[in-house]
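Descriptive analysis of the structure
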Amino acid sequence: MSTSEYLLADIGGTHARIATYDGDKIGKPVILKIIDFDSPIDLFKHAVEKLSVSKPKLAIASTGHEESPDVLHAANNSKWVLEKKAFKQENLPIAFWANDFYVTAYGALSLGHDDLESLVPGKPRPYAAKMIGGPGTGIGLAYADYIKELEYYRVRETFGGWFAVSTITEEQNLCLRTVRSLKNMEFQKAVSYEDVCAGRGLPYLYEAICKIHGQQYSSEIGTSLLSHTNAPLFNETLRLFHEFLGLFLHTAALAGHAWGGIYLDGGVIQKICDKGLFDAKALTSTFHANPQPEGQTEMIVYDALLAVPIKRIDTEYVALSGLKTIIEQGIKT
């Protein structure tokens, strides 16, 4: 076994991507299915054996929330709890952990043209904030703000995927009401964007559209909709997914002054793009919706939205690059 300074780990809702980092280069990652492991310690033990390393420090990007500085609950797996004490006992000390989209944002800042795909053209403002987000199992959202004194960006993580959904058409409103009825929301009072345009929300959206059109809903299709492109009402669901995603990006861009551009990542948007299913027309029908009233002489907000470029992060290891950047720059998480 070789000694590696770090194991970099990107723990998503479905897969974990783990690689060595020796202080210079990132090694070739292994991709492991979360469902194959009973605990995060089992996952890392397997990765250590697979990568033939010993005594690494762990740097982790993950969804979830901190119960305390030493305990992290993974958001997409209720049984998974990362405890620094338990990891240390297994000779797997955790150097730090951070929100996955917070880390992805740092990785996105260093990407070149070869790792980005233009989805919606625009003209970014120099040194303006950038937005990094998108639908995976949930919806991640982070902003990168340029700090003049540092001559570099600093990232802000958010709970932006939990914005309450807005609508601008009767069809969207009907879908939203139907999703609410399907979820039987007594405890959850607001329908969030994660309920309609994320991995966990896409089945609800499809079921709602089936119900509206009097079509029998199949859970087998609904839970893996992007693999069933010939399914009844697939095109309607995909269009509305993009319309709701456009509304999310509209809200998030305005809230964060993200005039430096939007960078999309996440398992769902990656699969949509890989399959050639990205619908720029549907997305911009809501993202470019003019929020300003008639009679204003200057369309400052509307013009700003029209200028925002939207790009897809076209590399699956961006979070590992982000962890490397955090280590190199000594950024506190």
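First things first, this report covers the structure right here in the doc. Every chain is numbered on its own, with residues counted from 1 as its sequence reads. Owing to the predicted nature of the model, reporting of local features is limited to residues with pLDDT of at least 70; listing and counting of side-chain atom pairs is limited to 80 or more, with chain, interface and lining totals taken over all residues. Only hydrogens and water are removed before side-chain values are computed, so all heavy atoms of the structure are retained for them.

A few words now on the side chain of Asp195. Inspection of the secondary structure puts Asp195 in the loop between helix H4 (170-183) and helix H5 (202-212). Think of it in three bands: residues with accessible area under 20% of the maximum for their type are buried, residues over 50% are exposed, and the middle band is partly exposed, with areas taken using a 1.4 Å probe on protein chains only. Classification of Asp195 by relative accessible area gives buried; the value is 4%. In the analysis that follows, any N or O atom pair within 3.5 Å is treated as a polar contact, provided that within protein one partner can donate a hydrogen and the other can accept it, and provided that, for residues neighboring in sequence, both atoms belong to side chains. A distance of 2.5 Å separates the side chain of Asp195 from the side chain of Lys183, its partner in a polar contact. Contacts are residue-level and defined by heavy atoms, with any inter-residue pair within 4.5 Å sufficient. Not counting residues up to four positions away in its chain, the partners in contact with Asp195 are Val179, Lys183, Gln188, Ala190, Gly201 and Tyr204. Each helix is a run of DSSP H or I of at least 4 residues and each strand a run of E of at least 2, with the numbering of both proceeding from the N terminus.

It is worth spelling out the nonpolar core at this point. Residues Leu249, Ile262 and Phe287 are the most contacted members of the largest nonpolar core, which totals 54 residues. Here this core takes eleven residues from helix H7 (residues 234-256), the largest share from any one element. To form a nonpolar core, buried Ala, Val, Leu, Ile, Met, Phe, Trp, Tyr and Cys residues must be joined to one another through side-chain atoms within 4.5 Å. Of all hydrophobic cores here, the second largest spans 30 residues; its members include Ala59, Val103, Ile132 and Ile313.

Let's shift gears to the sheet that holds strand E12 (residues 130-135). Pairing between strands is defined by DSSP: at least two bridges between the two strands are required. Read across the sheet, six strands follow the order E11-E16-E15-E12-E13-E14 without closing on themselves; strand pairing throughout is mixed. This sheet does not close on itself; its edge strands, each paired only once, are strand E11 (116-120) and strand E14 (152-157). Looking at each pair of strands side by side, their axes are set apart by 25 degrees on average, direction ignored. Sheet topology note: the E11/strand E16 (residues 310-313) ladder contains four bridges and is antiparallel. Bridging across to E16, Val120 finds its partner in Ile310. Packed onto the sheet, H7 meets E12, strand E13 (139-147), E14, strand E15 (262-264) and E16 and runs at close to 30 degrees relative to E13. Orientation is described by lines fitted to C-alpha atoms, with helices fitted over the stretch in contact, and by angles between N-to-C directions that extend from 0 to 180 degrees. Where helix H9 (residues 280-287) meets the sheet, it contacts E11, E15 and E16, and its direction lies at approximately 65 degrees from that of E11.

Looking now at the environment of Lys211. As for its placement among the helices and strands, Lys211 is situated in helix H5. The class for Lys211 is exposed, based on a relative accessible area of 52%. When sequence neighbours within four positions are dropped, the list of residues in contact with Lys211 reads Thr178, Ser181 and Leu182.

So, on to the environment of Ile94. Along the chain, Ile94 falls in strand E10 (residues 94-99). Non-local contacts of Ile94, meaning those with residues more than four positions away in its chain, are made with Leu58, Ile60, Lys84 and Phe87.

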